[in-house]
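# Per-entry structural report
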Amino acid sequence: MTIIAALGCGMMAGVFFAFSAMVMPGLRRAEPAEGIAAMRSINTAVVNPAFVGLFLGTAVVGVVAAFEGDPWAWAGAALYVLGGIVLTAAFHIPRNNELERLGTPEYWERYLREWVPANHARALLSLAASASFVLAVLY
């Protein structure tokens, strides 16, 4: 379970990193209406069994691995649940919903200013979770 949790966290870190490094900078370069339309489409497309299964399944597997008792696994589970799940639910989803509701160029600028740095945090916390699960396997 711990190895699967490490891999899942690593994959999620990669997804979040790709958004920070490529997707969002690309959308920022587009005209606001185009960026908004693309992000709305992404927000709809992300709700699919493959992504949701990886995103939520990693949390479940990580928590199960933590209950095997290793402190590193507990750290990994906490980092992923807080950084991946809680941050997404409390910060990113409300902004995605607001983008869907408003969709103005003014909100788009605010969205990019707020959403992207928090996404960097999701990437780093997921990577730290992956590293913690690796340490749980090694020690």
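Further up the page is the structure itself.
Below is a summary of the structure that appears in this document.

Parameters at a glance
Residues numbered from 1 in each chain as written. Predicted model: local features only at pLDDT ≥ 70, side-chain atom pairs only at ≥ 80, totals over all residues. Heavy atoms only, no water. Helix = DSSP H or I, 4+ residues; strand = E, 2+ residues; numbered from the N terminus. Buried < 20%, exposed > 50% of the residue type's maximum accessible area, 1.4 Å probe, protein only. Lys, Arg positive; Asp, Glu negative; His and termini not counted. Salt bridge = Lys/Arg side-chain N within 4 Å of Asp/Glu carboxyl O. Polar contact = N/O pair within 3.5 Å; in protein donor to acceptor, adjacent residues only side chain to side chain. Contact = heavy atoms within 4.5 Å.

Within the secondary structure, R122 sits in helix α5 (residues 105-138). Buried R122, no salt bridge; nearest opposite-charge side chain is E114, N-O distance 13 Å. Here T88 takes part through its side chain, which lies 2.8 Å from a polar atom of the side chain of R122. Apart from the residues within four sequence positions on either side, R122 is in contact with F16, G83, G84, L87, T88, H92 and W115.

Using the criterion set out here, one finds four salt bridges in the structure. Here E100 makes a salt bridge to R40, at a shortest N to O gap of 3.8 Å. Placement of E100 in helix α4 (residues 71-101) and of R40 in helix α2 (residues 32-45) is noted, with a sequence separation of 60 residues between them. Take E100: its relative accessible area is 46%, and that puts it in the partly exposed class. Overall, the relative accessible area of 25% leaves R40 in the partly exposed class. Residues joined by salt bridges that share partners form a network here, namely R95, R110 and E114.

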